[in-house]
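Structure assessment
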Amino acid sequence: MVTITKEGSGFQVDAWVRRPSIYLDTWALSDFSVDSALRERLLGVLKSNGTLLFSWANVLEISRLTGATAENIRGLLTELAEQWFPIEFNPIKVIERENSLVNSSPCLADGFLRGYIPYIYDGPLALSTLVDLLHDDEVKASAEHNYQVLTTEICDLFRSERDLWPVHPHTNKSLDFQPDKPTVFVYNGLMELIAKEVFQINAQHVLDFCHAAVSLAYGDFVLLDKHWKDLARKLAMPFDRVR
């Protein structure tokens with residue numbers, strides 16, 4: 001849940017997670033939004049004692065949708081109300097925070113919130129309200145710019161990893177999973193798998209990678225497309241982590 005309160009010239013932001021935490025790729029949000037049985041089951045879990053993890057990757061993809069699909073997802077988010085948490089979609093930032101001794105919430109998307117604070121404050125921040133802001137040209141342009149910068153950075157990393165793989169192959173199994181640094185394990189594992197797999201790298205793969213990396217590190221339940229689900233299962237996460 002996220003609450004933003006204006007205090008003098010500044011703002012007080014409170015964000016917390018009630019478990020189970022659930023992350024849904026945008027296609028899954030769409031599926032849940034149109035299937036009434038799935039929709040009610042998801043809302044029942046989240047409203048009783050759960051949190052939807054929501055990232056810039058979700059925001060970007062939803063902003064590009066139109067018609068009934070966009071309306072259905074907005075309806076689902078309206079019913080969800082405030083039961084969500086902004087999760088960082090840039091794994092590099094999260095790893096930097098995990099390696100810092102001063103950051104107690106590495107996966108919190110503080111930049112996400114800073115982008116919206118000037119527009120919304122005083123009370124709980126509902127996801128449907130946030131999505132409505134995507135119609136603001138300035139907000140949408142900022143989101144697209146940030147994504148393009150990250151796409152270039154991650155694509156370069158993908159290609160570098162593939163170039164290095166034949167010369168310096170390594171295995172993620174040699175890396176111990178550290179509960180306080182889960183993104184390091186997931187990031188390195190996915191990079192290794194991407195280096196070994198043969199597929200054409202494009203902007204959509206970067207977005208899928210951003211859907212997967214941090215959510216797998218911090219979510220209790222994560223729903224990805226088949227390709228990335230298969231990669232995630234190869235990571236051999238501890239049994240008590242993501243499902």
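Up top you'll find the structure we're talking about.
Residues numbered from 1 in each chain as written. Predicted model: local features only at pLDDT ≥ 70, side-chain atom pairs only at ≥ 80, totals over all residues. Heavy atoms only, no water.

Tallying secondary structure elements over the protein chain gives 11 helices and seven strands in all. Burial status across the protein chain gives 49% buried among its 243 residues. The long-range fraction of contacts in the protein chain, counting pairs at least 24 apart against all pairs at least 6 apart in sequence, stands at 74%. (Helix = DSSP H or I, 4+ residues; strand = E, 2+ residues; numbered from the N terminus. Buried < 20%, exposed > 50% of the residue type's maximum accessible area, 1.4 Å probe, protein only. Contact = heavy atoms within 4.5 Å.)

Ranked by size, the top nonpolar core spans 71 residues in total, and within it Leu52, Phe54, Leu77, Trp84, Leu190, Phe209 and Leu216 carry the most contacts. With nine residues, the top contributor of residues to this core is helix α10 (residues 203-218). Among all residues touching Leu190, those that are not within four sequence positions of it are Phe209, Ala212, Ala213, Trp228, Leu231 and Leu235. (Core = buried A, V, L, I, M, F, W, Y, C linked by side-chain atoms within 4.5 Å.)

Quick look at the sheet that holds strand β3 (residues 21-24) now. Strand order in the open sheet made by the four strands is β5-β4-β3-β7, with parallel pairing throughout. Each end of this open sheet is capped by a strand with a single partner; those strands are β5 (84-86) and β7 (221-223). If you compare each strand with its neighbour and ignore which way they point, the axes differ by 25° on average. With three bridges joining them, strand β4 (residues 51-54) and β5 adopt parallel strand pairing. Counterpart to Leu53 in the pairing with β5 is Phe85. (Pairing = 2+ DSSP bridges. Axes fitted to C-alpha atoms, helices over the stretch in contact; angles between N-to-C directions.)

Helical geometry: 3.6 residues make up each α-helical turn, so side chains three or four residues apart lie on a common side. Between the first and last C-alpha of helix α4 (residues 67-80) there are 20 Å, a value that for 14 residues agrees with the 20 Å anticipated at 1.5 Å per step. Residues of α4 that are buried make contact with α1 (26-34), α2 (36-49), β4, α3 (56-63) and α7 (127-132). (Expected span 1.5 Å × (residues − 1).)

Their axes nearest at 9 Å, the elements helix α5 (residues 91-98) and α10 cross at an angle of 30°. Looking at the two axes, α5 sits roughly parallel to α10. Within the contact between the two elements, α5 uses Pro91, Val94 and Glu98 and α10 uses Phe209, Ala213, Val214 and Tyr218. Considered class by class, the residues forming the contact of α5 with α10 number six nonpolar, no polar and one charged. (Parallel < 35°, antiparallel > 145°, perpendicular 65-115°, else oblique. Nonpolar A, V, L, I, M, F, W, Y, C, P; charged D, E, K, R; others polar.)

On to the packing of aromatic side chains, then. Tallied over the entire structure, the rule returns four aromatic pairs. Between the aromatic rings of Phe209 and Trp228, the centroid separation amounts to 6.2 Å while the plane-to-plane angle is 65°, which identifies the pairing as edge-to-face. Here Phe209 is found in helix α10, whereas its partner Trp228 is found in helix α11 (residues 226-233), with 19 residues between them in sequence. Owing to a relative accessible area of 0%, Phe209 belongs among the buried residues under this scheme. Trp228 sits in the buried class, given a relative accessible area of 2%. (Phe/Tyr/Trp six-rings, centres within 6.5 Å; stacked < 30°, edge-to-face > 60°.)

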